[in-house]
Amino acid sequence: MSHIVIPSHWRVKRSTPFFTKDNIPPSLLTHHNTAEGIYGQICVMQGTVIFYGFADEQATEPEKRIVINAGEFAVSPPQYWHRVELSEDAQFNINFWSEKDHEGSKVMQQSKVHNQPIANLFEDSDR
C-alpha cells in the first residue's frame, strides 16, 4: 500500500481537516472503501495511524497492515476496502486525488459505502 504511486497528472481534489482520537469520524474506524476514480492519501502529522487493508467487502481479516508514523503517508487505491486505527496522540488528514475534474461532482460529495454526502461523514469532527 505505501508503495502505491499516484499518477503524476492527478491532482488533489479535496482534503479533510486534521483528525485525532477526539474528532475522527466513526466511519473511518470501520470497514469502508475509497470511491471509484479516487486515491486516498493518509498523511500523519503526529503519532501513528495503522491502516488495515482488506481484499474485499466481505473480508474480516486484513490482507495488509501498514504502520504510518509521523511525517509519513500511505495511499489507498480506488475502491480498496480498509479501516484505520489511531495511537492516543495521532493527528492526520486525508487528501483525495483524482484524474478527472470532480470538483462539485457527486464523486467528491458522496461515499458509496456509507451512501451519504462526504460532508455528513465529517460534520461531527468538531466534537
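Going along each chain's sequence as written, the residues are numbered from 1 onward. Given that this is a predicted model, residues contribute local features only at a pLDDT of at least 70 and side-chain atom pairs are listed and counted only at 80 or more, while totals for whole chains, interfaces and linings are drawn from all residues. With hydrogens and water set aside, each side-chain value is computed from the structure's full complement of heavy atoms.

**Q** Explain the overall build of the protein chain here, please?
**A** Scanning the protein chain for helices and strands turns up two helices and 10 strands. Taking all 127 residues of the protein chain together, 43% fall into the buried category. We get accessible surface area from the Shrake-Rupley algorithm with a probe of 1.4 Å; when it comes to residues, only the shown protein chains can shield them. As presented, the protein chain carries roughly 7,100 Å² of accessible surface, and 47% of it is formed by carbon and sulfur atoms. Strands are runs of DSSP state E lasting at least 2 residues, helices are runs of H or I lasting at least 4, and numbering of each runs from the N terminus. Whether a residue is buried, partly exposed or exposed follows from its accessible area with a 1.4 Å probe, protein chains only, as a fraction of its type maximum: under 20%, in between, or over 50%, in that order.

**Q** Looking at this structure, how should I read the pattern of salt bridges?
**A** Side chains bearing opposite charge may pair, as long as their charged atoms lie close to each other. Every case where a carboxyl oxygen of Asp or Glu lies within 4 Å of a side-chain nitrogen of Lys or Arg is listed as a salt bridge. Taken as a whole, this structure holds two salt bridges when the rule is applied. For glutamate 88, the salt bridge identified is with lysine 21, shortest N-O distance 3.6 Å. Taken together, the residues glutamate 88 in the loop between β7 (81-86) and β8 (91-98) and lysine 21 in the loop between β1 (11-15) and β2 (32-33) connect sequence positions 67 residues apart. Note on lysine 21: relative accessible area 42%, which makes it partly exposed.

**Q** What's the story with the packing of aromatic side chains in this structure? I'm lost.
**A** For any two aromatic rings, the description comes down to two numbers: the centre-to-centre distance and the angle of the planes. Aromatic contacts are taken between Phe, Tyr and Trp rings whose centres are within 6.5 Å, Trp giving its six-membered ring; a plane angle under 30 degrees counts as stacked, one over 60 as edge-to-face, and the others as tilted. Enumeration according to the criterion identifies three aromatic pairs in this entry. Aromatic side chains tryptophan 10 and tyrosine 39 sit 4.9 Å apart centroid to centroid with 75° between the ring planes, which places their arrangement in the edge-to-face category. Placement of the pair is tryptophan 10 in the segment before β1 and tyrosine 39 in strand β3 (residues 38-46), with a sequence separation of 29 residues. Across the pair, exposure class does not vary: tryptophan 10 and tyrosine 39 are buried alike.

**Q** Just checking my understanding: could you explain the environment of phenylalanine 51 for this structure?
**A** As for its position among the elements, phenylalanine 51 is in strand β4 (residues 48-54). Residue classification places phenylalanine 51 among the buried positions, given a relative accessible area of 1%. Sequence spacing of phenylalanine 51 and alanine 74 is 23 residues, and the spatial spacing of their C-alpha atoms is 8.2 Å.

**Q** Would you explain the sheet that holds β3 in this entry?
**A** Backbone-to-backbone hydrogen bonds join strands into a sheet, with any given pair of strands oriented parallel or antiparallel. Ordered by their spatial adjacency, four strands build an open sheet running β1-β8-β3-β6, and the pairing between neighbours is antiparallel. Edge positions in the sheet fall to β1 and β6 (73-76), since each of these pairs with one other strand and no more. Along the sheet, successive strands turn relative to each other by an average axial angle of 30°, direction set aside. Pairing between strands is defined by DSSP: at least two bridges between the two strands are required. Two elements, β3 and β6, share four bridges in a ladder whose sense is antiparallel. Residue cysteine 43 lies in a different strand from β6, and its bridge partner there is phenylalanine 73. Each axis is a line fitted through C-alpha atoms, taken for helices only over the stretch in contact, and angles between the N-to-C directions span 0 to 180 degrees.

**Q** Any chance you could explain the environment of glycine 47 here in plain terms?
**A** Mapped onto the secondary structure, glycine 47 falls in the loop between β3 and β4. Considering only alpha carbons, one finds glycine 47 and glycine 71, 24 residues apart in sequence, at a separation of 9.2 Å. When checking whether two residues touch, look at their non-hydrogen atoms; a contact exists if any pair is within 4.5 Å. Sequence-distant contacts of glycine 47, defined by excluding residues within four places in its chain, comprise Ile68, Asn69, Ala70, Ser87, Asp89 and Ala90.

**Q** Any chance you could explain the sheet that holds β4 here in plain terms?
**A** With antiparallel pairing, the four strands of this open sheet are ordered in space as β2-β7-β4-β5. What marks the edges here is a single partner per strand, and that holds for β2 and β5 (64-69). Two strands pair when backbone bridges link them, and β4 and β5 are joined in this way by six bridges, in the antiparallel orientation. For tyrosine 52, the partnering residue across the bridge sits in β5 and is arginine 65.

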